[in-house]
Structure formats: C-alpha cells, structure tokens
Amino acid sequence: MKFTSFILSLTATATHAFVPSASFARTSSQLDASIQFIKGIDEKDIPNVKLTRARDGSSGVATFQFSNPNCFDASIQGEVTGMFMVDEEGEMSTNEVNARFSNGKPQSIESTYVMKSPLEWDRFMRFMERYGEENGLGLTKK
C-alpha cells in the first residue's frame, strides 16, 4: 500500500486517519517500526492516528490517541519523556504528550507530532507506512 502517493495527491486541506484493521493478526514479534514513550520500551497499544495537512503541502499534524498505553503498567520502569517514532531510518520525536487521568490514575495518552516541511511529511509517511503494515493500521479518508 502506498499511503504517501495517495496523501500527496490531495490538493485541498485533508483529514485522514490510520485506524486498526479488524482482520489484522501480527505475524512477527520483531518490529521494524515502533513507538516508544520510554526510550527502549516499545508501546504495545496501537493508536488511532489522525492526519491533517495544509493545502499547499507545507505543513501537517499527526494526532495519536492511545487508549491503554503499556507505559502506565506498574511493571515498567522509566519516565515518559516524549513520544519517539523509531524505524530503520532513525528516530522522530515530539514532546507534545498529554496523559488523561480518571480518579487519579492515568487512562490514555494523546500526542501531537507537527511536520513543518514537505520533507518532514514524507519522512513521517514512510514511518507510518512501515508501522501501519506491521500493526494492521489502514488509511481512511474522512
């Protein structure tokens, strides 16, 4: 699937989302693309991801929603210092990470990654293509 060519062909302001596919089953325990909140510990919760892009393609925003992130598990040691998207090309990160609490306990995380150039958008889409293929996310237009 080529998400990049589909998204890049849009000329108007666009909103899209990567959402889990109901029929997906992971076949490999080794991930080539991962998201981490604590460096070195892969996040197992698969997020819903909403994308928006400027009409001229100069910028974009990805909003990640994790409903039950494993970084809140008591057995995991470490501090959430940001959201890190790691793949074979390297690492992208954001510090815009917000936890939602219920009765004093963390419940979910919303994170925002801002892309300020077409190059950053392309790099993000390559990451999402890898991450999506490995985790059963598909692109839907809204």
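Anyway, here's the lowdown on the structure attached to this text.

### Considerations on the sheet that holds strand 2 (residues 34-38)
Taken together, the four strands give an open sheet; going across it, the order is 3-2-6-7, and neighbouring strands pair in antiparallel fashion. Here the strands that pair on one side only, and so sit at the sheet edges, are strand 3 (41-42) and strand 7 (90-94). Bridge count between strand 2 and strand 3: two bridges; the pairing is antiparallel. Across the sheet, the residue bridging to glutamine 36 is aspartate 42, located in strand 3. Packing against the sheet, helix 2 (residues 118-135) makes contact with strand 2, strand 6 (83-87) and strand 7, and its axis sits at approximately 75° to strand 6.

### Remarks on the environment of glutamine 65
When you line up the elements, glutamine 65 lands in strand 5 (residues 60-66). Judged by relative accessible area, glutamine 65 falls into the partly exposed class, the value being 41%. Taking C-alpha positions, glutamine 65 is 7.5 Å from serine 108, a pair spaced 43 residues apart along the chain. Setting aside residues up to four positions removed in sequence, glutamine 65 forms contacts with Pro47, Asn48, Ile109 and Glu110.

### What to know about the pattern of salt bridges
In total, this model carries eight salt bridges according to the counting rule given. The partner of arginine 126 in a salt bridge is glutamate 89, with the nearest N and O atoms 2.8 Å apart. Remark: glutamate 89 occurs in the loop between strand 6 and strand 7 and arginine 126 occurs in helix 2; sequence separation between them is 37 residues. Among the salt bridges present, the one from arginine 130 reaches glutamate 89, with a minimum N-O distance of 2.9 Å. You can see arginine 130 sitting in helix 2 and its partner glutamate 89 sitting in the loop between strand 6 and strand 7, a full 41 residues away along the chain. Note on glutamate 89: relative accessible area 37%, which makes it partly exposed.

### A closer look at the packing of aromatic side chains
Evaluation of the coordinates by the stated rule reveals five aromatic pairs. Seen from their ring centres, phenylalanine 37 and phenylalanine 66 are 4.9 Å apart, and the 80° between their planes marks the pair as edge-to-face. Note that phenylalanine 37 is positioned in strand 2 and phenylalanine 66 in strand 5, a separation of 29 residues in sequence. Accessibility classification places phenylalanine 37 together with phenylalanine 66 in one group, the buried group. A ring pair is formed by phenylalanine 64 and phenylalanine 66, whose centres lie 6.3 Å apart and whose planes are at 10°; its orientation type is stacked. Exposure remark for phenylalanine 66: the relative accessible area of 1% places this residue in the buried category. An aromatic cluster of three or more residues is present, and its members are Phe37, Phe64, Phe66, Tyr113 and Phe124. The residue whose ring lies beneath lysine 39 is phenylalanine 84, and the NZ or CZ to ring-centre distance is 4.7 Å.

Conventions adopted
- Residues numbered from 1 in each chain as written.
- Predicted model: local features only at pLDDT ≥ 70, side-chain atom pairs only at ≥ 80, totals over all residues.
- Heavy atoms only, no water.
- Pairing = 2+ DSSP bridges.
- Helix = DSSP H or I, 4+ residues; strand = E, 2+ residues; numbered from the N terminus.
- Contact = heavy atoms within 4.5 Å.
- Axes fitted to C-alpha atoms, helices over the stretch in contact; angles between N-to-C directions.
- Buried < 20%, exposed > 50% of the residue type's maximum accessible area, 1.4 Å probe, protein only.
- Salt bridge = Lys/Arg side-chain N within 4 Å of Asp/Glu carboxyl O.
- Phe/Tyr/Trp six-rings, centres within 6.5 Å; stacked < 30°, edge-to-face > 60°.
- Lys NZ or Arg CZ within 6 Å of the ring centre and 35° of its normal.

Treat this as a map of the structure, not an account of what it does.
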